[in-house]
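# Structural description and commentary
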Amino acid sequence: MGLQQGFVTWFVGVLFLTTLLLSSADVHHYEFFVRESNFTKLCNTTTLLVVNDSYPGPEIRVHRGDTVFVNVHNQGNYGFTIHWHGVKQPRNPWSDGPEFVTQCPIQPGTNFTYEVVLSDEIGTLWWHAHSDWTRGSVHGAFIILPAKKETYPFPTPDADQTIILESWYDGDYKQIIDDALAAGLSPRQPSAYAINGHVGDTYGCPNDTIFRMQVDSEKIYLLRIINAAMNEHFFFTIANHTLTVVAQDASYVRRFTRDFILISPGQTMDVLVSANRNVGQYYMAIRPFSDSSAAPIDNITTGIFQYRNSEGGLNASLITLPVMNDTDAMINFLNQIRNTKVPQNPRINVPADKDIKRRVFIAIAVNNLPCNTCLVGTRLVASLNNVSYVSPSIDILQAYYNRNMSGVYTEDFPLNPPVIYDFTGNLTNLNTPIEEGTRVIVVNYGEGVEMVLQATQMGAGGSHPMHLHGFSFYRVGTGFGNFNNKTDPSTYNLVDPPLINTVHVPGRRWVAIRFFANNPGVWFMHCHLERHSSWGMDTVLIVRNGKTKKRSIRPPPSTMPRCPGT
């Protein structure tokens, strides 16, 4: 009786939510002017490409189920695109944004209007450039509030605060990666980390600013945390305060409390914090996490959680964060994230074994290829199943949709590693053959898909935040070492796995994800460590049209940017 009652309550809630979304959706319009502006940090002035002269860029704040039109004006010196990270864009890949995947760049002196179609996303997402490394300075928050008359499935916060974690470079982001690719080497480390554009008080420049969040005693705040860093996972904490995680990647999760969170590049987390300590000022802080031999710089960047009318210095100023290579802290945190059965979430719909029509096992690696023009005779590349992705000069979506363009891509991405080895063992003397190409995965509409993402020790090893456009997916399993397709599936969580769009694949481990391919289109999949994506740790998922118009890609807008030379 209790189970039946619970299901009825959930079902009525879903019907109510659906009615709200259909009856109260609004349309919003934004103007983005993208141009060069000067910023001074670390006692040095740098020229950056930014939106509306701000770093980070302007926040989009709308309600669940709304539609957003963003007119992007390129007033810079080179082409770029914008991606709406975590927005599924049902049937509308034309506005998804990755360069030469769903569109060609918006050229200088031109503009393009994106139509961003929201569906069941709720909470915090973000937008960023999706060309070269321009997302390092071209990014901002995309906040999706509950639909009108819809409530939160947790205590209603008194206010919310967006917190964007960033990598700060002295220099042009595009030039940094262009120089590194030409030399065949890894790009240089960031000059600092930043919180909402502020580098804090730990880098030695007296002119640097620190982010301050003003709070009132005994009030509850919802922190909307976005990791927009280029290559760094972060631990985040507020000294002497408890953090309650309530959502990840625009989906509610079962609440749990910690002294810190771990958030990977591309991910978002919604976190409740109560201002229930002695009135004063408390550090908030970030520190990178790494399980790779190519570790980032172990800097701590600070902000201040400041009670209103507090005087004097910092209370509880000792910052307690895990050490940078604390893999136990990483694993323990990830294992706590679970879906929650609340009316505000879509019904949990994990593909069962019988639903899986396409299984893909992907080995993730960093490799070397010969290079006569590079500094050391080789160049760094990255691969998925020994294929290093090559970006075409005409976008894949246009070629797929029009069917009259050949040679842009091939439909033969390997569904298993072509070479099987001890992925997580000692690979010092192993040199597997790497191919370069634009090879995609093709699935039929509605098929259940399982992907097992296997971290390897090729290159420097370590974690990979893998992001799939056009979908949220379920993280159903993970384990240490090499995936065993006979025994490991028995450990899957098919009851309440988290629904996310960016999954942290820890070093020396595997992660299994599942989803239904119910969004027709061309969708990019890549590592959100930007250097890895630049080296080719990418592929594309093409979902064929279904049998009806409502299960097929919408026609393209007439204003799509033209590809160079066409």
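Since we're looking at a predicted model, the values are computed, not measured.

We now examine the pattern of salt bridges. Per the stated rule, a full pass over the model turns up 23 salt bridges. For aspartate 26, the salt bridge goes to lysine 148, with nearest N and O atoms at 2.7 Å. Placement of the pair is aspartate 26 in the loop between helix 1 (2-24) and strand 1 (27-41) and lysine 148 in the loop between strand 8 (139-145) and strand 9 (159-168), with a sequence separation of 122 residues. Owing to a relative accessible area of 27%, aspartate 26 belongs among the partly exposed residues under this scheme. We classify lysine 148 as partly exposed; its relative accessible area is 38%. Ionic pairing is found between aspartate 353 and arginine 514, a salt bridge with its closest N-O pair at 2.8 Å. With aspartate 353 in the loop between helix 3 (327-335) and strand 20 (356-370) and arginine 514 in strand 30 (residues 509-516), the pair connects residues that are 161 residues apart, well separated along the chain. The structure contains a network of salt bridges with shared partners spanning Glu59, Arg61, Asp160, Arg224 and Asp270.

As summarised here, the arrangement of the four strands in space is 2-1-4-6, forming an open sheet in which the pairing is mixed. One side of each edge strand has no neighbouring strand; the edge strands of this open sheet are strand 2 (44-51) and strand 6 (111-117). Neighbour to neighbour, the strand axes of the sheet diverge by 25° on average, direction disregarded.

The full count for this structure, using the stated rule, is 27 aromatic pairs. With centroids separated by 5.4 Å and ring planes inclined at 65°, the aromatic side chains of tyrosine 55 and tryptophan 168 adopt a geometry described as edge-to-face. Of the two residues, tyrosine 55 is situated in the loop between strand 2 and strand 3 (60-63) and tryptophan 168 in strand 9; the sequence distance between them amounts to 113 residues. Note on tyrosine 55: relative accessible area 8%, which makes it buried. Its relative accessible area of 0% is what places tryptophan 168 among the buried residues. Taken together, a centroid distance of 5.2 Å and an interplanar angle of 75° make the contact between tyrosine 193 and phenylalanine 234 edge-to-face. Taken together, the residues tyrosine 193 in strand 10 (residues 192-195) and phenylalanine 234 in strand 13 (residues 233-238) connect sequence positions 41 residues apart.

Another point: the pairing of strand 3. Covered by surrounding structure in strand 3 are Ile60 and Val62 only, the residues Arg61 and His63 on the alternate face being uncovered. As judged from the four bridges shared by strand 3 and strand 8, these two strands associate in the parallel manner. Its bridge partner being in strand 8, histidine 63 is matched across the sheet by leucine 145.

It is worth spelling out the UniProt feature "domain: Plastocyanin-like" (unreviewed entry) in the protein at this point. Sites flagged by UniProt as "domain: Plastocyanin-like" (unreviewed entry) map to residues 34-147, 161-309 and 412-546. Along residues 34-147, the helical share is 0% and the strand share 46%, with 30 Å between the first and last C-alpha atoms. For the annotated span residues 412-546, helix accounts for 4% and strand for 41% of the residues, and the straight-line distance between the end C-alpha atoms is 21 Å.

Here we take up the state of the cysteines. Taken as a whole and judged by the stated rule, the model has three disulfides. A disulfide bridge connects cysteine 43 with cysteine 205, and the sulfur atoms are separated by 1.9 Å. With the S-S dihedral at roughly 95°, the linkage between cysteine 43 and cysteine 205 falls on the right-handed side. Here cysteine 205 lies in the loop between strand 10 and strand 11 (211-215) and cysteine 43 lies in the loop between strand 1 and strand 2, a separation of 162 residues in the sequence. You can call cysteine 43 partly exposed: its relative accessible area is 47%. A relative accessible area of 11% means that cysteine 205 is categorised as buried. Disulfides within the protein link the bonded cysteines, taken in sequence order, as 1-3, 2-6, 4-5.

Before going further, it helps to spend a moment on a nonpolar patch on the surface. A cluster of nonpolar residues, Leu185, Leu375 and Val376, forms a patch on the protein surface that exposes about 300 Å² of accessible area. Examined against the element boundaries, valine 376 turns out to sit in the loop between strand 20 and strand 21 (378-384). For valine 376, a relative accessible area of 57% gives the class exposed.

How each quantity is defined
- Residues numbered from 1 in each chain as written.
- Predicted model: local features only at pLDDT ≥ 70, side-chain atom pairs only at ≥ 80, totals over all residues.
- Heavy atoms only, no water.
- Salt bridge = Lys/Arg side-chain N within 4 Å of Asp/Glu carboxyl O.
- Helix = DSSP H or I, 4+ residues; strand = E, 2+ residues; numbered from the N terminus.
- Buried < 20%, exposed > 50% of the residue type's maximum accessible area, 1.4 Å probe, protein only.
- Pairing = 2+ DSSP bridges.
- Axes fitted to C-alpha atoms, helices over the stretch in contact; angles between N-to-C directions.
- Phe/Tyr/Trp six-rings, centres within 6.5 Å; stacked < 30°, edge-to-face > 60°.
- UniProt positions renumbered as here; feature names shortened; annotations may be inferred.
- Disulfide = S-S within 2.5 Å.
- Patch = residues over 30% accessible without salt bridge, like charges linked within 9 Å, V, L, I, M, F, W, Y side chains within 5 Å.
- Areas by Shrake-Rupley, 256 points an atom, 1.4 Å probe, with all protein chains shown as cover.

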